Amino acid sequence: MLLRRFTADDLDDLAALHGDPEVMRRIDDGRPVPRPVVERETLPALLRGYAELPPGEGRFAAVARGSGEFLGWFALAPASSPGLDGGTELGYRLRPAVWGRGLATEGARELVRLAFAELGADRVVATTMTVNTASRRVLEKAGLRHVRTFFEEWPEYVEGAEHGDVEYALTREQWLRSSP
């Protein structure tokens, strides 16, 4: 897998990813994002991020080595998800067709390494729904540790929200102690 910057040519793949009900069921309001919203808002904001965020941060398209097949995306940016307070936030979304292959763990580990080894981050954070056990395993395999469970007020109910969300984090010192 390779990570690269998005371009305007990635609209179809990004719209398909964000429009997939399985991908979106535990994100935001739990519903797919319509293609016109991805075209007008999501992709332009993502592309602006390369100029507005610190160097090396943003969302990066994950593509298969050799074939260039779109797999999803990984992100590093200043923490902005509800419930997070500071740090560099790790995020990702992958196509269901590639779930279970270790790609989420591979990408998350690489971005944790990038955050600490190259970007000088002090703390990497992430959040997911408590019931999202697959994402929780990925975060743990990437070295992040469960910090807390919290409850946010969401405008619309998403299945599993009654169990709250979880915050995971890893500090630079923890990473340095665990790195070979």
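What comes next is a walk through the structure.

Next up on the list: the pairing of strand β5 (residues 123–129). For β5, the tally of buried residues reaches five of seven residues, placing the bulk of the element in the interior. Where strand β4 (residues 88–94) lies against β5, two bridges are found, and the strand directions are parallel. Residue pairing for β5: Thr88 is matched across the bridge by Val124. What joins β4 to β5 is helix α4 (residues 103–118), and the crossover it makes is right-handed. Bridge count between β5 and strand β7 (residues 165–171): seven bridges; the pairing is antiparallel. Its bridge partner lying in β7, Ala126 is registered against Tyr168.

Under the counting rule described, the total for this entry stands at eleven salt bridges. Put simply, Asp10 and Arg4 hold a salt bridge, and the shortest N to O gap is 2.8 Å. Overall, Arg4 belongs to the partly exposed group, its relative accessible area being 31%. With its nearest N and O atoms 2.9 Å apart, the salt bridge here joins Glu118 to Arg113.

Spatially, seven strands are ordered β1-β2-β3-β4-β5-β7-β6 in an open sheet, and the strand pairing comes out mixed. Where the open sheet ends on each side, the last strands, each with one partner, are β1 (2–5) and β6 (145–150). Pairs of neighbouring strands in the sheet enclose a mean axial angle of 30 degrees, with direction left out of account. Here β6 pairs with β7 via five bridges, running antiparallel. The residue bridging His146 from the neighbouring strand is Tyr168, located in β7. Here helix α5 (residues 133–141) sits on the sheet in contact with β4, β5, β6 and β7, set at roughly 165 degrees to β5.

Another point: the environment of Gly56. Within the secondary structure layout, Gly56 lies in the loop between α3 (35–52) and β2 (58–63). Gly56 sits in the partly exposed class, given a relative accessible area of 35%. Apart from the residues lying within four places of it in its own chain, the contact partners of Gly56 are Leu114 and Leu119.

A separate point is the packing of aromatic side chains. Both the distance between ring centres and the angle between the ring planes are used here to describe each pair of aromatic rings. Per the counting criterion, the structure on display carries four aromatic pairs. Positioned over the ring face of Trp73 is Arg59, at 4.5 Å from the centre of the ring.

Topologically, Asp165 is positioned in strand β7. Asp165 sits in the buried class, given a relative accessible area of 10%. Spatially, the C-alpha atom of Asp165 lies 6.1 Å from that of Phe151, the residues being 14 residues apart in sequence.

Turning our attention to the nonpolar core. When a protein is soluble and globular, its nonpolar side chains tend to lie buried together. Counting 29 residues, the largest nonpolar core has Leu71, Leu90, Val112 and Leu144 as its most contacted members. Looking at this core, the elements that each hand over two or more residues are β3 (70–78), β4, α4, β5, α5 and β7. In contact with Val112, other than residues within four places in its own chain, are Leu90, Val124, Ala142, Leu144, Leu170 and Trp175. Membership of the second largest hydrophobic core comes to 18 residues, among which are Ala15, Val23, Val38 and Phe70.

Here we come to helix α1 (residues 11–18). What α1 keeps buried is the set Leu11, Leu14, Ala15, Leu17 and His18. Buried residues along α1 cover an arc of 160 degrees about the axis, so they all sit on one side. Buried residues in α1 make contact with α2 (21–24), α3, β2, β3 and β4.

Along β3, eight of the nine residues are buried, which leaves the element largely enclosed by surrounding structure. Judged from the six bridges that link them, β2 and β3 form a sheet pairing that is antiparallel. By the bridge assignment for β3, Arg59 is matched with Ala75. Here β2 folds back onto β3, and the loop between the two strands holds six residues, one of which, Gly66, carries a positive phi near 85 degrees.

Rules of the game
Residues numbered from 1 in each chain as written. Predicted model: local features only at pLDDT ≥ 70, side-chain atom pairs only at ≥ 80, totals over all residues. Heavy atoms only, no water. Buried < 20%, exposed > 50% of the residue type's maximum accessible area, 1.4 Å probe, protein only. Helix = DSSP H or I, 4+ residues; strand = E, 2+ residues; numbered from the N terminus. Pairing = 2+ DSSP bridges. Right-handed = clockwise from strand over helix to strand, strands pointing away. Salt bridge = Lys/Arg side-chain N within 4 Å of Asp/Glu carboxyl O. Axes fitted to C-alpha atoms, helices over the stretch in contact; angles between N-to-C directions. Contact = heavy atoms within 4.5 Å. Phe/Tyr/Trp six-rings, centres within 6.5 Å; stacked < 30°, edge-to-face > 60°. Lys NZ or Arg CZ within 6 Å of the ring centre and 35° of its normal. Core = buried A, V, L, I, M, F, W, Y, C linked by side-chain atoms within 4.5 Å. Arc of directions from axis to C-beta.

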